[in-house]
Amino acid sequence: MTAEPTDAQIIEASLASPEAFESVFERHYEVVRRYLQRRVGLDVGEELAAQAFLVAFDRRGTYDLRYPSAGPWLMGIAHRQVLQALKQ
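Because the structure is a prediction, the values reported are computed rather than measured.

Peer 1: How would you summarise the overall build of the protein if you had to cite specific residues and measurements?
Peer 2: Counting its secondary structure elements, the protein contains four helices and zero strands. Along the protein, helices and strands appear, N-terminal first, in the series α-α-α-α. Relative to the globule expectation of 12 Å for 88 residues, the C-alpha radius of gyration of the protein, 13 Å, shows essentially globular dimensions. The dimensions of the protein, computed from C-alpha atoms along their principal axes, are 45 × 25 × 20 Å.

Peer 1: Run through helix H3 (residues 42-58), naming residues and quoting values.
Peer 2: A rise of 1.5 Å per residue sets the reference length of H3, with its 17 residues, at 24 Å; its end C-alpha atoms lie 25 Å apart and thus fit the reference within 8%. All of the buried residues along H3 are Gly-45, Leu-48, Ala-49, Ala-52, Phe-53 and Ala-56. Buried positions in H3, seen along its axis, are confined to an arc of 140 degrees and lie on one side of it. Away from its buried face, by an angle of more than 90 degrees, H3 presents the exposed residues Asp-43, Leu-54 and Asp-58. Looking at the packing, one finds that the buried side of H3 touches helix H2 (22-40) and helix H4 (71-87).

Peer 1: Explain the nonpolar core to me, and be specific about the residues and the numbers.
Peer 2: With 21 residues, the main nonpolar core has Val-24, Val-32, Leu-36 and Leu-74 as its most contacted residues. When residues of this core are traced back to their parent elements, those giving at least two are helix H1 (7-14), H2, H3 and H4. The element that contributes the greatest number of residues to this core is H2, accounting for six residues. Among residues more than four places away in sequence, those in contact with Val-24 are Asp-7, Ile-10, Ile-11, Phe-53, Ala-70 and Leu-74.

Peer 1: Residues and numbers for the packing of aromatic side chains, please.
Peer 2: Aromatic rings considered in pairs are described by the distance between their centres and by the relative angle of their planes. One pass over the structure, following the stated rule, counts five aromatic pairs. By the ring-pair criterion, three or more aromatic residues cluster together here, those being Phe-25, Tyr-29 and Phe-53. Of note, Arg-60 hangs over the ring of Phe-57, and the distance from its end group to the ring centre comes to 3.9 Å.

Peer 1: Account for the packing of H3 against H4, naming residues and giving values.
Peer 2: At a closest axis distance of 9 Å, the pairing of H3 and H4 adopts a crossing angle of 125 degrees. If you check the angle between H3 and H4, you find them oblique. Remark: the crossing between H3 and H4 carries right-handed chirality. Where H3 approaches H4, its residues Leu-48, Gln-51, Ala-52, Phe-53, Val-55 and Ala-56 are matched on the opposing element by Trp-73, Leu-74, Ile-77, Ala-78, Gln-81, Val-82 and Ala-85.

What counts as what
Residues numbered from 1 in each chain as written. Predicted model: local features only at pLDDT ≥ 70, side-chain atom pairs only at ≥ 80, totals over all residues. Heavy atoms only, no water. Helix = DSSP H or I, 4+ residues; strand = E, 2+ residues; numbered from the N terminus. Rg over C-alpha atoms; globule rule 2.2 N^0.38 Å. Expected span 1.5 Å × (residues − 1). Buried < 20%, exposed > 50% of the residue type's maximum accessible area, 1.4 Å probe, protein only. Arc of directions from axis to C-beta. Contact = heavy atoms within 4.5 Å. Core = buried A, V, L, I, M, F, W, Y, C linked by side-chain atoms within 4.5 Å. Phe/Tyr/Trp six-rings, centres within 6.5 Å; stacked < 30°, edge-to-face > 60°. Lys NZ or Arg CZ within 6 Å of the ring centre and 35° of its normal. Axes fitted to C-alpha atoms, helices over the stretch in contact; angles between N-to-C directions. Parallel < 35°, antiparallel > 145°, perpendicular 65-115°, else oblique. Left-handed = near helix turned anticlockwise from the far one by under 90°.

The following block contains the structure:
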């Protein structure tokens, strides 16, 4: 049985094949969306979740590949999305 690739491995692969990032999205979207919705409401939370993954995709080249899970990185991006939304 083959082990599932880590988020770090997927992100690294996505640098050459951007469509690979979809796996990171599928693994983490629900948790990120729920976090954001609890903080800013259902509609805004859904919008911010989509934005957070766009930011993550754009910044995937800066991801520290020593960390196998992208969860904390994504939650940091999501948290910054909340702070920006609350400033407006």
